[in-house]
Amino acid sequence: MPRLSRWFIRAALVNLAVGFTIGGLLLGHKAFPVHPLLWRLFPLHIELLLFGWTLQLIMGVGFWIFPRFWRSRGNERPAWLAFFLLNAGVWLAGLSPMLSLPPVLLTTGRLLELAAVAAFAVHAWPRIKPPGASGRGF
Amino acid sequence: MPPLTRWFIKTAMVYLAAALLVGLGLAARGLGYVPAWWTALSPVYFHLFMVGWVAQLIFGVVYWMFPKYSQAHPHGSERAWLAVYWCLNAGLLLRAVAEPMLTLWPVVGWRWGVAVSALLQWTAGLLFVVNTWSRVKER
Ligand code: HEM
């Protein structure tokens, strides 16, 4: 498993742990209410688990197992960029409603997530090909 | 494909079917054939899909495909993995019943059902993370 996949997957595991912990707290709070402020964690739960866990794990595994060009994975830079953009975006979009930060930060977080997906696509597009092919066709 | 992976993936497929059926009911409310209480299944619909199907499928494939923990114990602790399977599924099934029941009929029994389901799913998630962490390596 290459280095970037290890970063993606470890970050995904951290997000899973935090996201499930928040989910467990919210579900517990539905059963035995603790404090209404707990619902503030709700957007973070969604962001961490949909994008920080599921999407990030898929990117990590994709980077690892998609067909290669002989021994190279092609241009790795956009994939690294995707890693940083995604993690910045997830935490920004998850934390800003929770901390009542200006709405522009939520939008920025979502934009970073979108940019992460675009950067990952730039990396992965040529690798979605038959084994051994150059990756220039469709 | 190891037996536990087959259990994870087949159970995941059952959840996918269940999620789509619950979703069908939610969508059909407007037609007047579905009772109003079905709305209480809304969070269940989402989590049957994302936890029962997506996360469970991922767990099964990770158990199978990730680099070996060691030659003697390729998957790490088998007991921990079994606990992941049982806690996740017991927890999610319990949630699928207890959460809507709590909405419709908030008695203390359902409160405990929801709380225990939260604890079971959380345990499954954390055991998965702990058991997978050291398999995220070069080879
Ligand atoms: C991959 C895993 C998960 C994902 C992607 C996820 C995502 C979501 C989303 C999008 C919602 C909003 C749904 C809606 O408004 O109808 C939600 C609600 C919620 N989730 Fe999760 N979730 C996950 C796992 C969990 C787990 C493991 C727990 C508990 C142990 C949990 C507890 C909750 C609770 C309590 C709510 C609020 C339900 C309500 O509206 O009353 N989630 N989740």
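Now for a quick tour of the structure.

So, how was this worked out
Residues numbered from 1 in each chain as written. Chains lettered and ligands numbered in written order. Predicted model: local features only at pLDDT ≥ 70, side-chain atom pairs only at ≥ 80, totals over all residues. Heavy atoms only, no water. Phe/Tyr/Trp six-rings, centres within 6.5 Å; stacked < 30°, edge-to-face > 60°. Helix = DSSP H or I, 4+ residues; strand = E, 2+ residues; numbered from the N terminus. Buried < 20%, exposed > 50% of the residue type's maximum accessible area, 1.4 Å probe, protein only. Lys NZ or Arg CZ within 6 Å of the ring centre and 35° of its normal. Near = heavy atom within 4 Å. Polar contact = N/O pair within 3.5 Å; in protein donor to acceptor, adjacent residues only side chain to side chain. 1 Å grid on protein atoms, 1.4 Å probe; cavity = no way out; pocket = protein on both sides within 12 Å on 5 of 7 lines; lining within 4 Å. Sits in = over half its atoms within 2 Å of the grid points. Nonpolar A, V, L, I, M, F, W, Y, C, P; charged D, E, K, R; others polar. Points joined across faces, edges and corners; volume = space filled by probe spheres on them. Contact = heavy atoms within 4.5 Å. Salt bridge = Lys/Arg side-chain N within 4 Å of Asp/Glu carboxyl O.

## What to know about the packing of aromatic side chains
For any pair of aromatic rings, the description rests on two quantities: the centre-to-centre distance and the angle between the ring planes. Tallied over the full model, the rule gives 19 aromatic pairs over all chains. On the basis of an interplanar angle of 85° and a centroid distance of 6.4 Å, the ring pair of F8 of chain B and F59 of chain B is categorised as edge-to-face. With F8 of chain B in helix α1 (residues 3-27) and F59 of chain B in helix α2 (residues 42-65), this pair connects stretches of sequence that are 51 residues apart. You can call F8 of chain B buried: its relative accessible area is 0%. Counting every residue linked through ring pairs, the aromatic cluster contains W53 of chain A together with W7, F8, F59, Y63, W81, Y85, W86 and F128 of chain B. The cationic tip of R73 of chain A hangs over the ring face of F63 of chain A; the distance from NZ or CZ to the ring centre is 5.7 Å.

## Remarks on unusual backbone geometry
Residues and elements named next belong to chain A. The phi torsion at W70 lies on the positive side, around 55°, for a residue other than glycine. With respect to the helices, strands and loops of the structure, W70 is situated in the loop between α2 (42-65) and α3 (77-98). What makes W70 exposed here is its relative accessible area of 78%. Phi is positive for S100, close to 50°, though the residue is something other than glycine.

## Points about the site of the ligand
Close contacts around the ligand come from 20 residues, with K30, F42 and H45 of chain A together with H47 and R95 of chain B the closest. Looking at the residues close to the ligand, they fall on chains A and B. Separating an oxygen atom of the ligand from a side-chain N or O atom of K30 of chain A is a distance of 2.5 Å. Contact distances for the ligand include 2.7 Å between a nitrogen atom and a side-chain N or O atom of H47 of chain B. In this structure, the ligand is accommodated by the largest pocket. Elements with a contribution of two residues or more to the shell around the ligand: α1 (3-31) and α2 of chain A together with α2 of chain B. Its residues assigned to classes, the shell around the ligand shows 13 nonpolar, 5 polar and 2 charged.

## Observations concerning the layout of surface pockets
Each pocket or cavity is described by its volume, and for the largest pocket that value is around 510 Å³. For the largest pocket, the lining is made up of 25 residues, of which G23, H45 and L49 of chain A together with H47 and R95 of chain B are closest to its centre. The element best represented in the lining of the largest pocket is α2 of chain A, accounting for 7 residues. Of the residues belonging to the lining of the largest pocket, the class tally is 16 nonpolar, 6 polar and 3 charged. What the second largest pocket holds in volume is close to 240 Å³. The wall of the second largest pocket is formed by L57, I58, V61, G62, W64 and I65 of chain A together with L57, I58, V61, V62, M65 and F66 of chain B. Contributions of two or more residues to the lining of the second largest pocket are made by α2 of chain A together with α2 of chain B. Of the residues forming the lining of the second largest pocket, the biggest block, 6 residues, is contributed by α2 of chain A. A class-by-class count of the residues in the lining of the second largest pocket yields 11 nonpolar, 1 polar and no charged.

## Points about the side chain of E99 of chain B
Within the secondary structure, E99 of chain B is located in helix α3 (residues 78-104). Sequence-distant contacts of E99 of chain B, that is, excluding residues within four places in its chain, are made with L27 and K30 of chain A together with P43, V44, L94 and V114 of chain B.

## Some words on the interface of chain A and chain B
Listed per partner, the contact involves 24 residues of chain A and 34 residues of chain B. Our enumeration of links across chain A and chain B arrives at 1 salt bridge. In this structure, the salt-bridge partner of E99 of chain B is K30 of chain A, at a minimum N-O distance of 2.8 Å. Summed over the shared surface of chain A and chain B, the result is 5 residue pairs in polar contact (both at pLDDT 80 or more). Going through the elements one at a time, α1 and α2 of chain A are the ones with two or more residues in the side of chain A that touches chain B. The element that contributes the greatest number of residues to the side of chain A that touches chain B is α1 of chain A, accounting for 14 residues. Per-class residue counts for the side of chain A that touches chain B are 16 nonpolar, 5 polar and 3 charged.

The values reported here are purely geometric and, on their own, carry no functional implication.
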